[in-house]
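Chain by chain, the residues run as shown.
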Amino acid sequence: MSHEEAQLERIVNLGGDRHKILEFYEDWASTYARDVVEGIGYTGHVLTAKAVTARVGPEAEILDVGCGTGLVAVELKQRRPALRIDGIDLTRGMLDEAEETQAYRSLVLGDMNHPLNADDDTYDGIVSSGVFTTGHVGPERIDELVRVARPGSPIVLAIRDTAWEGEGFSAHVDLLERQGRLRVEECRREPYLLKTGVFCQLCVLAAA
């Protein structure tokens, strides 16, 4: 098992302990982007950026949830340079790395297991890759994304395949659709970690 694979295995086994997760990502921040992209062939930032930019205007306001070191925002800006992107992440170390990309309008320290500091109907698009998963953020927190998205706006999530069914994400998305709070535009299985054979569900939702 490579160092990068061991890191991913370790984070899943932290049991959702917020202090340990915070410490883990703070320690990993300086090499995270290189490790996941070059080390294990991470694709989530590319998949989600393509899906969002296909569905928003050139100057849209975008929220990058669990922005990490800024991989998604860099991809977004390469496709739509005028996008106005706000990022939120759990760790200061990750936000410091994200700031270096100069891809964000604002960066905020925050925990997605708590309410977002944003008004209803604020964003033209929301993107999140790898945050809604085992031991991190659960399916019920998708409700908060729906709240801050403008009606009809895309909410694009990359969720590891094993968590999609096993952690209840599929069932919760179905519930929100039945309640009329969102519409599922597309959910498809995509390669996620190319060097380890891991897949994700790329899920494109539209806020009601």
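Let me begin by describing the structure that accompanies this report. If you're wondering where the values come from, they're calculated on a predicted model, not measured in any experiment. (Residues numbered from 1 in each chain as written. Predicted model: local features only at pLDDT ≥ 70, side-chain atom pairs only at ≥ 80, totals over all residues. Heavy atoms only, no water.)

As a further point, take the packing of helix α4 (residues 44-53) against helix α5 (residues 71-79). Packed helices, taken two at a time, are described by the angle their axes make and the gap between the axes. Taken N-terminus to C-terminus, the directions of α4 and α5 make an angle of 45°; their axes are 9 Å apart at the nearest point. In terms of orientation, α4 lies oblique with respect to α5. Crossing of α4 against α5: the hand is right-handed. Contacts between α4 and α5 involve His45, Val46, Thr48, Ala49, Lys50, Val52 and Thr53 from the first element and Leu71, Val72, Glu75, Leu76 and Arg79 from the second. Its residues placed into classes, the contact of α4 with α5 shows six nonpolar, three polar and three charged. (Axes fitted to C-alpha atoms, helices over the stretch in contact; angles between N-to-C directions. Helix = DSSP H or I, 4+ residues; strand = E, 2+ residues; numbered from the N terminus. Parallel < 35°, antiparallel > 145°, perpendicular 65-115°, else oblique. Left-handed = near helix turned anticlockwise from the far one by under 90°. Contact = heavy atoms within 4.5 Å. Nonpolar A, V, L, I, M, F, W, Y, C, P; charged D, E, K, R; others polar.)

Most of strand β7 (residues 198-207) sits inside the fold, with nine of its ten residues counted as buried. Both strand β5 (residues 154-160) and β7 contribute to a ladder of seven bridges, which runs antiparallel. In the sheet register, Ala158 faces β7, and the bridge partner there is Leu202. Taken together, the ten bridges between strand β6 (residues 182-193) and β7 define a ladder with antiparallel strand orientation. Residue Pro191 lies in a different strand from β7, and its bridge partner there is Phe199. As consecutive antiparallel partners, β6 and β7 are separated by four residues, and within that stretch Gly197 has a phi angle of approximately 75°, a positive value. (Buried < 20%, exposed > 50% of the residue type's maximum accessible area, 1.4 Å probe, protein only. Pairing = 2+ DSSP bridges.)

Before going further, it helps to examine the packing of aromatic side chains. A complete count under the given rule lists seven aromatic pairs for this structure. With a centroid separation of 6.4 Å and an interplanar angle of 15°, the aromatic rings of Tyr25 and Trp28 are classed as stacked. Taken together, the positions of Tyr25 and Trp28, both in helix α2 (residues 18-28) and three residues apart, correspond to about one turn of that helix. On the basis of relative accessible area, Trp28 is assigned to the buried category, the value being 3%. Ring centres of Phe132 and Phe169 lie 6.4 Å apart, and the angle between their planes is 85°; this geometry places the pair in the edge-to-face category. Here Phe132 is found in the loop between β4 (125-129) and α7 (142-148), whereas its partner Phe169 is found in helix α9 (residues 169-178), with 37 residues between them in sequence. A connected cluster of aromatic rings, assembled from ring pairs, spans Phe24, Tyr25, Trp28 and Tyr32. It is Arg189 that lies over the ring of Phe199; its NZ or CZ is 4.0 Å from the centre. (Phe/Tyr/Trp six-rings, centres within 6.5 Å; stacked < 30°, edge-to-face > 60°. Lys NZ or Arg CZ within 6 Å of the ring centre and 35° of its normal.)

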